[in-house]
Amino acid sequence: MRFHFALTLQALWTGVCQAAMQHYPAAWGHYDVCKSQIYSDEGLTWDYMACQPEAADMTQYLKVYLDPPNITCGDPPETYCALENPYMCNNECDASTEELAHPPELMFDIEGRNPTTFWQSTSWKKYPKALLVNITLSWNKTIELTDDIVLTFESGRPEQMVLEKSLDYGRSWQPYQFYATDCLDAFTMEPKTVQDLTQHTLLDIICTEDYSRGYVWKYDKTVRFEIKDRFALFAGPRLHNMASLYGQLDTTKNLRDFFTITDLRIRLLRPATGATMVDENNLSRYFYAISDIKVQGRCKCNLHANSCVYDKEKLSCECEHNTTGPDCGRCKRNYQGRAWSAGSYLPIPKGTANICIPNNIGPVIAPQVALSTTPSVHVANSKRARVCDNELLRCQNGGVCVNNLHCNCPSAYTGLQCEKPRCESELGGCRGSDSGQAPLMPSSFTLLLLLLGSALLREILCWPTVL
């Protein structure tokens, strides 16, 4: 019996692992449909689902600001030397000549051009005064990151740099990551990599030395902020266990905020020198040059919209579920029958829409919404407003409908539809010993059930493998 169980478990595990290794999703969620038509006892109705826009290249929507504003090379024209060879000085920057200019927009143009296009700073002619540059990327909209941030340097990678984020449109800033050839010397921080992080230290700000090598490694041009590796701490190395990540994002505000930005700032503190000493006789060797910046993400719409429009140089969600606002962050007028709430990723695969409902639906909550251009909500019985006898407002998270009137919730959940976890927690979500939910590490039997469930979902529901 034990041998048969072990073979079964091994076969399931191998199948799931092989399927997972074939696909490495570029984003961490699909949820591309906000509502669909279904038939019920009351006729054709709407079934609402959590939804969000597809991930996209967000650099096409940003504005870039440089500080100091005159830090771009070319005014006046300047000649530069190669970092690895101070006597090779045949690179010219001239802002008045298109072929020789290197303005900031060349950080975001099409890659693959020959010769490569890039932004370039003035050289370090005022040494030993620090050559400091702030590059601010602003969206004027909350953005959820879905992939690694990648900076490609045409010159040597900076020896000291900080990546910062803002959640309040640039009014305040927090560090995302420090970069240096010597973290202890530059920032009095022990060097770490993202591989050193755990679920409980995911929000730690680290300094890494992996992306700050000098010109000896001149073909190593990229500097990364690893988003996927952080997702993998909850979703697994191939992001195959998305339910775990969704659960953490639903219950842990700090985790959601970590991957959410309105602005990014790249603080360049020291250019590549390729040596321990700066050659003061050849300061034209030292400068910054960036050929490409990649920021993959989506508009944050609180799971109430599946599209985001760019109009008049501004991004805004096309809100569904009777919500409104740039982020669908409030209920529409006359649809404030209950407090606004963000949508939920769970239960997979449709999530929970948490729609806003009309003001005049009675003392409890609305039954199903009739299909129309402007959905309206009607109380099925004027004397008793039924809560859980319909598809739209059914009990969630294992709640049981009692007499078609209210939900009897499990101990770990509360709310009219059992939609809210009782526990409020920091990183790790509702996983404490008193929460009533399962621990992070399942038993062998639970693991088998999870594997069976995963296999069934793949085969029966055709769960998409590229999210």
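Up top is the structure these notes are about.
In what follows, the accompanying structure is described. Predicted model, so just to flag it, every value in this text is computed and none were measured. (Residues numbered from 1 in each chain as written. Predicted model: local features only at pLDDT ≥ 70, side-chain atom pairs only at ≥ 80, totals over all residues. Heavy atoms only, no water.)

**Some words on the packing of aromatic side chains**
Alright, step 1. This model, assessed by the stated rule, comprises 14 aromatic pairs.
Alright, step 2. Judged by centre distance (5.4 Å) and plane angle (70 degrees), the ring pair of Tyr 31 and Tyr 345 falls under edge-to-face. Highlighted residues: Tyr 31 in the loop between α1 (2–21) and β1 (35–40) and Tyr 345 in the loop between β20 (330–331) and β21 (400–402), separated in sequence by 314 residues. Side by side, Tyr 31 and Tyr 345 carry an identical accessibility label, which is buried.
Alright, step 3. Measuring from centroid to centroid gives 6.3 Å for Phe 225 and Phe 258, while their planes differ by 45 degrees, and the two rings are tilted. You can see Phe 225 sitting in strand β13 (residues 222–225) and its partner Phe 258 sitting in helix α5 (residues 253–258), a full 33 residues away along the chain. The pair Phe 225 / Phe 258 is uniform in exposure class, with both members buried.
Alright, step 4. A cation over an aromatic ring shows up here: Arg 265 above the ring of Trp 173, its NZ or CZ 4.3 Å from the ring centre. (Phe/Tyr/Trp six-rings, centres within 6.5 Å; stacked < 30°, edge-to-face > 60°. Helix = DSSP H or I, 4+ residues; strand = E, 2+ residues; numbered from the N terminus. Buried < 20%, exposed > 50% of the residue type's maximum accessible area, 1.4 Å probe, protein only. Lys NZ or Arg CZ within 6 Å of the ring centre and 35° of its normal.)

**Brief notes about unusual backbone geometry**
Alright, step 1. With omega at 15 degrees, the peptide bond leading from Tyr 127 into Pro 128 counts as cis.
Alright, step 2. Residue placement: Pro 128 occurs in the loop between β7 (119–120) and β8 (133–145).
Alright, step 3. Of note, the amide linkage connecting Leu 346 to Pro 347 takes the cis form, showing an omega dihedral of -5 degrees.
Alright, step 4. As for its position among the elements, Pro 347 is in the loop between β20 and β21.
Alright, step 5. Here the phi dihedral of Leu 239 falls at roughly 55 degrees; this positive angle occurs in a residue that is not glycine.

**Side note on the pairing of strand β14 (residues 260–270)**
Alright, step 1. Buried residues dominate β14, accounting for nine of its 11 residues.
Alright, step 2. Relative to β14, strand β10 (residues 160–166) is paired through seven bridges, and the arrangement is antiparallel. If you follow Ser 166 over to β14, its bridge partner there is Asp 263. (Pairing = 2+ DSSP bridges.)

**Describing the environment of Tyr 80**
Alright, step 1. Structurally, Tyr 80 is set in strand β5 (residues 78–80).
Alright, step 2. Residue classification places Tyr 80 among the buried residues on the basis of a relative accessible area of 1%.
Alright, step 3. For the pair formed by Tyr 80 and Asn 282, sequence separation is 202 residues and the distance between their alpha carbons is 9.4 Å.
Alright, step 4. At a separation of 3.2 Å, a polar atom in the side chain of Tyr 80 contacts the side chain of Glu 78. (Polar contact = N/O pair within 3.5 Å; in protein donor to acceptor, adjacent residues only side chain to side chain.)

**Quick look at helix α3 (residues 228–235)**
Alright, step 1. Judged by how many residues are buried, α3 sits mostly within the fold: six of eight residues are covered.
Alright, step 2. Among all positions of α3, only Lys 228, Arg 230, Phe 231, Ala 232, Phe 234 and Ala 235 are buried.
Alright, step 3. Those residues of α3 that are buried are in contact with β8, β11 (174–180), β13, α4 (242–251) and α5.
Alright, step 4. In the segment just after α3, Gly 236 is the residue with positive phi, at about 90 degrees. (Contact = heavy atoms within 4.5 Å.)

**Some thoughts on the state of the cysteines**
Alright, step 1. All told, the structure shown has eight disulfides when counted by the stated rule.
Alright, step 2. Bridging Cys 73 to Cys 93, the disulfide has an S-S length of 2.0 Å. Looking down the S-S bond of the Cys 73 and Cys 93 bridge, the torsion is 75 degrees, so its handedness is right-handed. Within this pair, whereas Cys 73 is found in the loop between β4 (63–67) and β5, its partner Cys 93 is found in strand β6 (residues 91–93), the two being separated by 20 residues in sequence. For the pair Cys 73 and Cys 93, one class covers both residues: buried.
Alright, step 3. What pairs with Cys 319 in a disulfide is Cys 328, and their sulfur atoms sit 2.1 Å apart. Since a negative S-S torsion denotes a left-handed disulfide, the Cys 319-Cys 328 link at about -100 degrees is left-handed.
Alright, step 4. Residue Cys 319 is classed as partly exposed on the basis of its relative accessible area, which comes to 25%. (Disulfide = S-S within 2.5 Å.)

**Structural notes on the side chain of Arg 230**
Alright, step 1. By the secondary structure assignment, Arg 230 is in helix α3.
Alright, step 2. Look at Arg 230 and you get buried, because its relative accessible area is 0%.
Alright, step 3. Excluding residues within four positions of it along the chain, Arg 230 makes contact with Gln 177, Val 194, Leu 197, Leu 202, Phe 225, Phe 258 and Phe 259.

**Notes on the sheet that holds β13**
Consider a sheet: its strands pair through backbone hydrogen bonds, and that pairing is either parallel or antiparallel.
Alright, step 1. With antiparallel pairing, the four strands of this open sheet are ordered in space as β7-β15-β9-β13. With partners counted over all chains shown, the strands left at the sheet margins are β7 and β13, one partner each.
Alright, step 2. One ladder, built from four bridges, connects strand β9 (residues 149–153) with strand β15 (residues 289–294); its direction is antiparallel. Residue pairing across strands places Phe 153 opposite Ile 290, the latter belonging to β15.

**A closer look at the pairing of β8**
Within a regular strand, side chains alternate between the sheet's two faces.
Alright, step 1. Within β8, 12 of the 13 residues are buried, leaving the element largely enclosed by the surrounding structure.
Alright, step 2. Two elements, β4 and β8, share five bridges in a ladder whose sense is antiparallel. By the bridge assignment for β8, Lys 63 is matched with Ser 138.
Alright, step 3. Judged from the eight bridges that link them, β8 and β14 form a sheet pairing that is antiparallel. By the bridge assignment for β14, Leu 137 is matched with Leu 264.
Alright, step 4. Examined bridge by bridge, β8 and strand β16 (residues 296–299) share three bridges and lie antiparallel to one another. Bridge pairing in β16 links Glu 144 to Arg 298.

Nothing here speaks to function; it is all geometry.
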